[in-house]
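Residue-level structure breakdown
Listed below, chain by chain, are the residues.
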Amino acid sequence: MYSPYRTGIRARTAVKELSLCSSNRLSELCDAVSKGALKGARGNSGVILSQLFRGICAEIKKTEEITLKSFAKAMENGTKVAYSAVSKPKEGTILTVARKMSEYARQAAPKFRDFSEFLDSVIKKGEEALAETPELLPVLKKAGVVDSGGMGLLCVYRGFLSSLNGEEVAGELEISTEAGKSEEDVFGDNSDIINLDLGEIEFAYCTEFFIINLKKSTTLADIDKLKEKLMQIGDSVICIGDLELVKVHVHTNNPGKALQYAVELGELDRVKIENMLEQNRALRAKLEAEKKEMGMLAICTGEGIAAIFKDLLVDRVIEGGQTMNPSAEDIADAVQKINAEHVFVFPNNKNIILAAEQAKALVQNRTIHVIPTKNVPQGFAAALAFNSESTAEENKTDMIHAIDNVRAGQVTYAVRSTSVNGFNLKEGDIIGLDDKKILAKGSNVDDTLIHLVERLKDGSHEIITLYYGQDVKEEEAEELAGKLAEKFPDCDVDYHFGGQPIYYYIVSLE
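Bear in mind the structure is a predicted one, so any value in this text is a computation, not a measurement.

Rules and cut-offs
Residues numbered from 1 in each chain as written. Predicted model: local features only at pLDDT ≥ 70, side-chain atom pairs only at ≥ 80, totals over all residues. Heavy atoms only, no water. Helix = DSSP H or I, 4+ residues; strand = E, 2+ residues; numbered from the N terminus. Buried < 20%, exposed > 50% of the residue type's maximum accessible area, 1.4 Å probe, protein only. Right-handed = clockwise from strand over helix to strand, strands pointing away. Pairing = 2+ DSSP bridges. 1 Å grid on protein atoms, 1.4 Å probe; cavity = no way out; pocket = protein on both sides within 12 Å on 5 of 7 lines; lining within 4 Å. Points joined across faces, edges and corners; volume = space filled by probe spheres on them. Nonpolar A, V, L, I, M, F, W, Y, C, P; charged D, E, K, R; others polar.

What follows concerns the overall build of the chain. Summing up its helical and strand segments, the chain has 19 helices and 16 strands in all. Counting every position in the chain, which comprises 510 residues, the buried fraction comes to 49%.

Printed below as a string of structure tokens:
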């Protein structure tokens, strides 16, 4: 779930300003929204969002009717105002999402006649831009999240669309994210600063305040000069507003000087100074206190597979598998986000085991134990073997023994015509294989899987479990499970949604 509050702006502040309007004239309403948004802004993303509103409202108030063309132009102006409000704009943030949406809106507006369809298309462009933010901002890529400010902006636009369509706008709107990320994944968990050196914080004090009742002698040029002075004593400078209200944010080692500069223009209001060094110390102390002895990391693909690992108390799941092997750095970064002294890693693919081993050299404050799982069923078995009351070495031994008792296979299709493992294959043939070679071939999925199970099964197996992929319907998996139960009456047969690509089924025999 995602709330507009998380964008760093309190909508009720803008609503309160609207309630004070003496008329319903569009110009007055726009001024109220602009002022209220600035008053309610919280943090960098909130202030930037308030400036997006300011720029949009400044353009809309010039019109008598909001058309597709005027709204697109207003979006463009909002982006321009927001970029100018930040001393050193960074791509990969809410600014990037806003810019790409406004650029698209200006180009696409002439192609649409229906406002709802236009806005829906703009939102889709914003979703694409949001998905790209980790590639533009290294800290996001390291943390494995998208920009939360950009996501908040999409939440606002979705609210616009719902209102336009006459739909009830709930208190919180659900936003879909890439790869089925949970709320924790999307917003991060502060894990990127677990090992932050306190010395890396150059400016210790986050200083925020308003300037109100500006002096009659104060000019807009004075506000610009204040911004320049603040940039000389700190960073993350935001100094925005007009001759009625100015909002200031700066990271500095001399908050008193920032206040001194500001009081020359008017009165100070709602001054807030936070010690970021102390906040960091407190966070690190909290993380250290909550650190546990052991944790687990699984590598897999498929929404259902990931959910099963979560149900088995695996701390973190990262995407990886056939054709999408994560790097050693990807694995090390994921391990770093598990607040445990010992982390068991389940590669679940023979081609990922080496990268997992190499990740050990990239992590200094955790011990990585690679359990050489070659497939997902082995990963499940290893996770089931975990015992929090045992030592790390005992768990490692038990996990390795557990995977020895599992045989697994996959059903997929041939991507080209070839001869391999004694089979003459044509492109598109259905094939069944284990971790070493092709064991079965057929013209349909069900018969091929049954033949594969015949090749894999021995007298010790009592349970057959199917994990059906994204291209298989539940009723198809249910029907196939029934066929297996009839074919192998000595085994219990079960099936679960895996959601994996490429493989129609993953089958486990235990």
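This part is about the pairing of strand 6 (residues 316-319). Covered by surrounding structure in strand 6 are Arg316 and Ile318 only, the residues Val317 and Glu319 on the alternate face being uncovered. Taking the sense of rotation as the criterion, the β-α-β connection linking strand 5 (residues 292-300), helix 13 (residues 303-311) and strand 6 turns out right-handed.

Turning to the pairing of strand 14 (residues 463-468), a few remarks are in order. Summarising burial for strand 14: five of the six residues are buried, a large majority. A crossover connection joins strand 14 to the parallel strand 15 (residues 492-497) through helix 19 (residues 474-487); in handedness this β-α-β unit is right-handed. Note: strand 14 against strand 16 (residues 505-509), five bridges, orientation antiparallel. Each residue of the ladder has a partner; that of threonine 465, found in strand 16, is serine 508.

Before going further, it helps to examine empty space enclosed by the protein. For the structure on display, the rule yields one cavity of 30 Å³ or more. The volume enclosed by the largest cavity comes to roughly 90 Å³. Looking at the largest cavity, the residues that line it are Leu49, Leu52, Phe53, Ile56, Met75, Thr79, Ala98, Met101, Leu153, Val156, Tyr157 and Phe160. Put simply, the parts of the chain that give the lining of the largest cavity at least two residues each are helix 3 (43-60), helix 4 (68-85), helix 5 (94-108) and helix 8 (148-164). Looking at the lining of the largest cavity, its residues break down into eleven nonpolar, one polar and no charged.

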